[in-house]
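Secondary and tertiary structure notes
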Amino acid sequence: MMGKNVAHHLLSGKDPDRTALSFLQSTVSYGDLAAQAGRIAAYLLRCHARPGDRVLLVGDNSLFWVACYLGTLQTGLITVPIPANSSERNLSSILRMSGAKIVCAQASVATTHAGALSGTHLITDRIIPPIPQVLSQLDFASLPSPQFPVSDYATVNHDKLAALFFTSGSTGQPRGVMITHANIIANTESIISCLSLSEDDRMMAVLPFHYCYGASLLHTHLSVGGEVVVDNRFMYPETVLQRMIDTQCTGFAGTPSHFQILLRKSSFKRKQFPSLRHVQQAGGHLAPIFVRELKETLPDKKIYIMYGQTEATARLSYLPPEMLEAKLGSIGKGMPGVTLRVVDKQGRDVRPGEIGEIVAEGPNVAKGYWQERKETMDVFRNGSLYTGDLAQVDEDRFIYIVDRAKDFVKCRGEKVSCRQIEEVLLECSEIVETAVVGIPDDVLGEALKVFAVPRNKHVDGFEERIASYCRTRLPLHQLPKQIVVLRSLPKNSAGKVMKSILKRHDTAPLLPTIHDHI
Amino acid sequence: MLQTIRRFVIDNYLFGEEGQLGDEDSFMETGIIDSTGILELVRFLETTYGIKVTDEELIPDNLDSVSKIVSFILAKQSDSQQTPHDCSSRLPEETRP
């Protein structure tokens, strides 16, 4: 079936004078945004790109980023967004895996990773010295004025790829998730419907757009004619909170890490947000203690707990805000258009209290992994996405995630969920964040190793106090064998804890412990 | 002080590559420190210089380069010498349950 491409879906029919994006120093109207995307589209066609070619996109959230993203989609090419802090090795590897010959790069990245860019057509956000061995090099400002009228979008088969989103690699090698134009449009419509978004909504975007959750903020708000306020300064949360107030944001979206920092390390609880209508939390599990604090902080705002995966474009479920307290800890049910089930090994729906795997069906389920046939067959079966997340349902079929299928440890013959231990640990007032992994153990089979970040600088005796706390709260088989105190947990650019690094801690102790500097 | 702070940033965020950091370089613009990294940095400053950084002080004007940090710490230390009940006494109550 032929249809609109994503750029058409997001940009056409909008009031050209209305603000689409707001940056620190400038605002960009829908008319301007369409024109800037059109300049990129014209550039890509001049590079002799053909439909289906991949275009790598690397940079922080900016007008250049959004223009390149939409311009690529506009011409029917496939965008491959990656984090601005990707290493040169990672950038090389994704260039090789995706086969991209055109690179849209933030100047700072292009300069530091010049060695990886040979043999590509390069466009940067600002002018930089010539990079050797590139096929061509241009900067955004030097592009000619728009040549592509806004109505001129490539018509695409709905099944055609729009993007390769490389998964965070928190559990292993990065894999390119193949997202179609139809996937993005379907997921965008679902999210808009359950959040009741309208053109009056103004979203504070601190999440990077290369991450599917961040991209979904862009998709949904542009689709309804709303506004996205871009702020890349979350490392200074006070500046973001003040900007939310000043720009009258109606929405905020974050991962657990964002909310933990706001609740524990900012003036969030003491500030008022009169324009705020809703907050969204996705991108991982926010421990119930933080959900309760969030509700206490924002008693009259809608709080949406959501669940998703890159393999499902972005989001799969939501918990209606009015159910937040009654169903605390639940990820809710499937979003409009998504069927979400929890099934046993025979594929039957589990009964309340039983554990099974979450399986999703819907028009947002991706086509598979780029050039990874076996992985695709394991995860995408008969049109369903096998998420690898283990869950239970209650009597009302609300879903509660127990853990990742691979995030269990078998201690003394009993299966122990790392996440449940982490939740108990987070209730200890001395801990800011924590992660639990399994380590081989001659006697137990596997034993638990706890990584904990202390709340304050008084770390003398911290390990002993945590061990003692565990003894009061956990059964014998769940007691940690080792406790390591870190200054922070290793995270990827989407804010997810990299357990793969923690598991290698003994063999590659690259993580500075708190004692290294005290 | 400048060298100590510089060393901390280089060792922890730049993998020891000294040449990449100017004293005026913005951490935010260069992208070398993220949101949890800045909390590590603050904890280091509190421990090393005996100051307390409030939530409201966690802003780019105070912390976004090696030079800004030095000025900020000197001002904090000077404040606390002038007022025996230093700024830590003005901290909000801990809100953690």
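Along each chain, residue indices are assigned from 1 in the same order as the chain's sequence is written. Following the order in which they are written, the chains are lettered starting with A and the ligands numbered starting with 1. Confidence filtering applies because this is a predicted model: local features only for residues at pLDDT of at least 70, side-chain atom pairs given and counted only at 80 or more, and all residues used for totals across whole chains, interfaces and linings.

Description of the overall build of chain A
Keep this limit in mind: Note on conventions: DSSP H or I runs of at least 4 residues are helices, E runs of at least 2 residues are strands, and numbering of each starts at the N terminus. Here the radius of gyration uses the C-alpha set of atoms, whereas the globule reference equals 2.2 Å times the residue count to the power 0.38. Think of it as a crowd count around each C-beta: if 20 or more other C-beta atoms lie within 10 Å the residue is buried, if 12 or fewer it is exposed, and in between it is partly exposed, with C-beta placed from the backbone throughout. In this description, a residue-residue contact is defined by the distance between C-beta atoms placed from the backbone, which must lie within 7 Å.
A count of helical and extended segments in chain A gives 14 helices and 29 strands. A globule of 518 residues ought to have a C-alpha radius of gyration of about 24 Å, and chain A, at 23 Å, matches this closely. A buried classification covers 49% of the 518 residues belonging to chain A. Nonlocal contacts in chain A, meaning residues at least 24 apart in sequence, comprise 64% of its contacts between residues at least 6 apart.

So, the pairing of strand β12 (residues 202-205) of chain A
Residues and elements named next belong to chain A. Convention followed: Two strands pair under a simple rule: DSSP has to find at least two bridges between them. Every crossover in which the path from the first strand over the helix to the second runs clockwise, viewed with the strands pointing away from the viewer, is termed right-handed.
Because side chains alternate across β12, one face comprises the buried residues R202 and M204, and the other comprises M203 and A205, equally buried. Where β12 lies against strand β13 (residues 227-230), four bridges are found, and the strand directions are parallel. For R202, the partnering residue across the bridge sits in β13 and is E227. Read as a crossover between parallel neighbours, the route from β12 over helix α7 (residues 212-223) to β13 is right-handed.

Observations concerning the environment of L135 of chain A
Residue and element names in this part refer to chain A. Topologically, L135 is positioned in the loop between β7 (121-124) and β8 (136-139). Among the residues examined, L135 registers 13 C-beta atoms within 10 Å and is labelled partly exposed. For the pair formed by L135 and L91, sequence separation is 44 residues and the distance between their alpha carbons is 17 Å. With near-sequence residues (within four places) excluded, L135 lies in contact with G119, T120 and H121.

A short note on unusual backbone geometry
With the exception of glycine, most residues fall at negative phi, and the peptide bonds are largely trans. Residues and elements named next belong to chain A. We note that Q133 has phi near 65°; this positive angle belongs to a residue other than glycine. Here Q133 is to be found in the loop between β7 and β8. On the neighbour-count criterion, Q133 (10 C-beta atoms within 10 Å) is exposed. Phi is positive for N382, which is not a glycine, with a value near 50°. In this structure, N382 sits in the loop between β22 (380-381) and β23 (384-393). On the basis of neighbour counts, which here come to 8 C-beta atoms within 10 Å, the residue N382 falls in the exposed class.

Re the interface of chain A and chain B
Which entries qualify depends on this criterion: Put simply, Ala, Val, Leu, Ile, Met, Phe, Trp, Tyr, Cys and Pro go in the nonpolar bin, Asp, Glu, Lys and Arg in the charged bin, and everything else, Gly too, in the polar bin.
Counting residues at the interface gives 23 residues for chain A, matched by 22 residues for chain B. Of all elements in the fold, only α8 (237-246) and α9 (256-264) of chain A reach the threshold of two or more residues within the side of chain A that touches chain B. Per-element tally for the side of chain A that touches chain B: the top contributor is α8 of chain A, with three residues. In terms of residue class, the side of chain A that touches chain B is built from eight nonpolar, seven polar and eight charged.

Examining the sheet that holds strand β3 (residues 27-29) of chain A
All names here are of chain A. Taken in spatial order, the nine strands line up as β3-β2-β13-β12-β14-β15-β16-β17-β18 in an open sheet, and their pairing is mixed. Every interior strand has two partners, whereas the edge strands, β3 and β18 (333-334), have only one. Here strand β15 (residues 278-281) runs beside strand β16 (residues 302-308); their pairing, made up of four bridges, is parallel. Looking at the pairing, Q280 lines up with Y304 of β16.

Re the confidence of the model for chain A
Residues and elements named next belong to chain A. Stated precisely, the cut-off is as follows: In predicted models, pLDDT denotes the confidence assigned by the predictor to each residue on a 0 to 100 scale.
Residues of chain A with pLDDT of at least 70 account for 92%, and the chain-wide mean is 89. Contacts of residues 507-511 to residues separated by more than four positions or lying in other chains number three contacts, the stretch itself having pLDDT below 50. Considering only residues more than four positions removed or in separate chains, one finds that residues 514-518, a stretch of pLDDT under 50, has eight contacts.

Focus: the nonpolar core
Residue and element names in this part refer to chain A. The condition is simple: Core membership is restricted to buried Ala, Val, Leu, Ile, Met, Phe, Trp, Tyr and Cys residues, and these are joined into a nonpolar core through C-beta atoms within 7 Å. In this document the domain limits rely on a domain assignment from an automatic tool or a database.
Ranked by size, the top nonpolar core spans 149 residues in total, and within it V55 and L56 carry the most contacts. Shared between two domains, this core holds at least three residues of each, these being domain 1 (2-157) and domain 2 (183-404). Apart from the residues lying within four places of it in its own chain, the contact partners of V55 are L44, T72, L77, I78, T79, V80, A100, I102 and C104. Counting residues in hydrophobic clusters, the runner-up holds 22 residues, among them L425, I431, F451 and L486.

Observations regarding the packing of helix α2 (residues 30-46) of chain A against helix α3 (residues 63-74) of chain A
Residues and elements named next belong to chain A. Just so we agree on the cut-off: Every axis corresponds to a line fitted to the C-alpha atoms, with the helix fit spanning only the stretch in contact, and the corresponding angles, defined between N-to-C directions, vary from 0 to 180 degrees. For classification, angles of less than 35 degrees are called roughly parallel, those exceeding 145 degrees roughly antiparallel, those between 65 and 115 degrees roughly perpendicular, and all remaining angles oblique. For any helix crossing, the convention is left-handed if the near helix is rotated counterclockwise from the far helix by under a right angle, and right-handed if that rotation is clockwise.
For the pair α2 and α3, interaxial distance at closest approach is 7 Å and the crossing angle is 60°. Judged on the interaxial angle alone, α3 and α2 are oblique. Judged by the sense of rotation from one axis to the other, the crossing of α2 with α3 is right-handed. Here L33, Q36, A37, G38, I40, A41 and L44 of α2 lie close against α3, whose contacting residues are L63, V66, A67, C68, L70, G71, T72 and Q74. A breakdown of the residues in the contact of α2 with α3 according to their chemical character gives ten nonpolar, five polar and no charged.

Overview of the pairing of strand β2 (residues 19-22) of chain A
Along a regular strand, successive side chains alternate from one face of the sheet to the other. All names here are of chain A. Two strands pair when backbone bridges link them, and β2 and β3 are joined in this way by three bridges, in the antiparallel orientation. Residue pairing for β3: T19 is matched across the bridge by S29. If you look at the hairpin formed by β2 and β3, you'll find four residues sitting between the two strands. In terms of strand pairing, β2 meets β13 through two bridges, oriented parallel. Each residue of the ladder has a partner; that of S22, found in β13, is V229.

Concerning the packing of helix α6 (residues 181-195) of chain A against α7 of chain A
For any two helices packed against each other, the geometry is given by the interaxial angle and the distance between the axes. Residues and elements named next belong to chain A. Here α6 crosses α7 at 70°, and the two axes come no closer than 9 Å. Here α7 runs roughly perpendicular to α6, going by the angle between their axes. Residues I184, N187, T188, I191 and I192 of α6 touch α7, and the partners they reach there are S216, H219, T220 and S223. Considered class by class, the residues forming the contact of α6 with α7 number three nonpolar, six polar and no charged.

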